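# Topology and contacts: notes
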Amino acid sequence: MGVRASGYLLPTLKDDPADAEAISHRLLVRGGFVRILGSGLYTYLPLGWRVMQRIAAILREEMDTIAMEVSMPVLQPASLWQETGRDGIPELFKLEDNSGKRYVLAMTHEEAFTYHAAREIRSYRELPQIWYQIQIKERDEPRPRSGILRTREFLMKDAYSFDRDEDGLDASYRRHIDVYRRIFERCGLQFWMVESDTGMMGGLGAHEFMAPSPSGEDRLVLCSNCDYAANLEVARSIPRPPQFPEPLDEPREVPTPGATTIEGLAEMLGVDPAATAKAMPVVAEGEVVLALVRGDQRLHEMKTRKALQTEFRPATPEEIRESFGADPGSIGPVGGRPARVIADDSLRDGQFVSGANRTGYHLLGVQAGRDFKAEFHDLREVTDGEHCPECQTGTLRVERAIEVGNIFKLGTKYSEPLRATYLDEGGNEHPIVMGSYGIGLARIMAAAVEQSHDEHGIVWPASIAPFDAHMVVIGGGGDPQVETAVAIEHELDADGVCVLVDDRDAGPGARFADAELIGAPARITVGKRTAADSTVDVQTRRGRTQETVPVSGVAAAVRKVLE
RNA sequence: CGGGGCGUGGCGCAGCCUGGUAGCGCACCCGGCUGGGGGCCGGGCGGUCGCAGGUUCAAAUCCUGCCGCCCCGACCA
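These notes cover the structure that comes with them.

Cut-offs used in this document
Residues numbered from 1 in each chain as written. Chains lettered and ligands numbered in written order. Predicted model: local features only at pLDDT ≥ 70, side-chain atom pairs only at ≥ 80, totals over all residues. Heavy atoms only, no water. Salt bridge = Lys/Arg side-chain N within 4 Å of Asp/Glu carboxyl O. Helix = DSSP H or I, 4+ residues; strand = E, 2+ residues; numbered from the N terminus. Buried < 20%, exposed > 50% of the residue type's maximum accessible area, 1.4 Å probe, protein only. Near = heavy atom within 4 Å. Polar contact = N/O pair within 3.5 Å; in protein donor to acceptor, adjacent residues only side chain to side chain. Nonpolar A, V, L, I, M, F, W, Y, C, P; charged D, E, K, R; others polar. Contact = heavy atoms within 4.5 Å. Expected span 1.5 Å × (residues − 1).

Attention now goes to the pattern of salt bridges. Oppositely charged side chains may form a pair once their charged atoms are brought near each other. Tallied over the entire structure, the rule returns 43 salt bridges. Here R86 ties to E111 by a salt bridge, and the two come within 2.7 Å at their closest N and O atoms. Placement of R86 in the loop between α3 (78-84) and β6 (93-96) and of E111 in helix α4 (residues 110-120) is noted, with a sequence separation of 25 residues between them. Just as R86 is buried, E111 falls in that class too. R544 is the salt-bridge partner of E516, the closest N and O atoms lying 2.9 Å from each other. Note that E516 is positioned in helix α11 (residues 508-518) and R544 in the loop between β31 (535-540) and β32 (546-550), a separation of 28 residues in sequence. Within this structure, E141, R145, R150, E217 and R443 form a network of salt bridges that share partners.

Right, let's talk about the protein's contact with RNA strand B for a bit. Around RNA strand B, the structure places 40 residues, and the nearest of them are R86, R150, R305, E516 and R529. Counting only the atoms of RNA strand B within 4 Å of the protein, the fraction contributed by sugar and phosphate is 48%. At 3.2 Å from a phosphate oxygen of RNA strand B is found a main-chain nitrogen or oxygen belonging to A18. In this structure, A506 approaches RNA strand B through a main-chain N or O atom, which is 2.9 Å from a base nitrogen. Where the surface near RNA strand B is concerned, the elements lending two or more residues are α7 (301-308), α11, β30 (522-526) and α12 (528-531). No other element matches the eight residues that α11 contributes to the surface near RNA strand B. Of the residues belonging to the surface near RNA strand B, the class tally is 12 nonpolar, eight polar and 20 charged.

The next subject is the side chain of S436. Considering the arrangement of structural elements, one finds S436 in strand β25 (residues 433-440). A distance of 3.3 Å separates polar atoms of two side chains, one belonging to S436 and the other to E110. Once residues within four sequence positions are removed from consideration, S436 is found in contact with E110, A159, Y160, N406, I407, F408 and L410.

Attention now moves to unusual backbone geometry. Omega for the bond connecting L127 with P128 falls within 30 degrees of zero, at -5°, which places this linkage in the cis form. Among the secondary structure elements, P128 is positioned in the loop between α4 and β8 (129-138). Phi at N357 is positive, roughly 60°, even though this residue is not glycine. Here N357 is to be found in the loop between β19 (351-355) and β20 (361-367).

With that settled, the discussion passes to helix α10 (residues 481-495). For α10, which comprises 15 residues, the first-to-last C-alpha distance of 21 Å matches the rise-based estimate of 21 Å (1.5 Å per residue) to within 8%. Residues of α10 that are buried: Q481, T484, A485, I488, E489, L492 and D493. Count one or two residues on from α10 and you reach G496, which has phi positive near 80°.

Turning next to helix α5 (residues 166-186). Between its terminal C-alpha atoms α5 stretches 30 Å, which fits the 30 Å expected from 21 residues at 1.5 Å a residue. Inspection of α5 places G168, L169, S172, Y173, H176, I177, V179, Y180, I183 and F184 among the buried residues, and these make up the whole buried set. Its side-chain oxygen at 3.3 Å from the backbone nitrogen of D167, D165 defines the N-terminal cap of α5. G188, located one to two residues past α5, shows a positive phi value of around 80°.

Topologically, L80 is positioned in helix α3. Relative accessible area serves as the criterion here: at 9%, L80 is assigned to the buried category. With 369 residues separating them along the chain, L80 and V449 place their C-alpha atoms 38 Å apart. Excluding anything up to four places from it in sequence, L80 contacts E111, A112, Y115 and L418.

In structure tokens:
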């Protein structure tokens, strides 16, 4: 059913809110879709809630093809989280009831789903199963940001699969991939499924669904040629081959006064920066570790953390002098006494220039294996223009993206501590093999705005627009076109087209501007210019093409726009 | 947690440096006009200047502390 704008809560703003940076944040606040209640806490006004409900409807339709919807509490006993050891997570909200009993606010629902699976599932005959819900999550985010993109409370579709073994999990995982693709396609998003990090805890595999957008917090690596796509955190690449000078039989020390940066060094010695080794001394668990990447590369923090299996920090100048006997800028892997040397794979072959561990000197012709020993890992950050690790020929580009969904093979990480087991054909007990699958509704909403807007406002994908059509009735009370508008409203209602009728007593310009800001796919203009010959103008929001149609054909014209 | 910025009517902002009557635009209310791109005229309502303390004859303005919000980074199970 359509609604009348007069009497509807439609608080559009003429100016951008002062504190909004991201496009989606600006347009959703200006358009009267959302309002802030506190840091990272957003209220959905009628317009915004309609969009969320449409997204939820798509999620339900698609999820219902593979899963059963349930609903579990957000307020949960802290003891449940003690069993999985997750009660110490800093982002977990903790509270007490009046008797002092401890509770948490769920940041995700693995514990609750596994708790029930442990009690209700007993036999292999009952597997596999997939359960899902659309429920609030609470996370004490250290830094909420970008409007509804990262909030402390948010709605999430979360699903959990229960299988008897890894093959079963693989099947459940693949079913989710298919369903997720359909969901994001139906929501009108441009998206990529990418390999993602399984985190410090390990895990059997994970993928993320990424919607490219400059406001996104994640970075995505894409190939120009094949379908390789990965989160920057795990992306691989083929770096360009360095131009090596003539090889030396042993390293040769050369003076390099004042050259403490790669650019300065490469220029002074006339070598390719890619033929130098950049030394990044870090401290991990109290020991100095030398991390090496090529001079033209950047050390990727998360990859380094993974290689070290622990947190680390940059070494201080004092620690560097102590371990290497030279100032920062002149250190390298030959000599010195770091506890470990880890090096990027690209340094495995060839001879590089590195610091000589003598202030103001570097070594030419330093070769891994011959001159120093190192553990090799993927440590470098992928950059634009490098070659694709899959097809070898394509070039890679790095883009920002919003993580709209993720899928994760949990294995028995939760079923073991919570004793969610089943009995197989032989009566043997096994832990249930689980997967978890999330989609952020607000992130879909924000990503849609980020990907589809113009200088006038939002251009909603038809599938999640708050209204199918926005009818602007020009003129006031006694004008004859008002009757025409009412007739059209009834026709659209009968035809199942959801229309917002702007019958407010404002000037036409202001109302056209609001229509564009709000972004319904079709705009119907009823004025005396056209009403006289029983026609109206129907304009598409996307591209703003306009046609004049007879009043009797409005519903059909709008349907055509919605296609 | 580190760095930066901002807090003055519902919204966007000026005033602060150089202390002395709290101001502008929009929105809102009343009346009228207007009616295909944020229109016009007239009349109104609305602010303990984030909070607390201090300096001063006098504080939005200077000082101290706190709180809140935004941005960058760290973090993001």
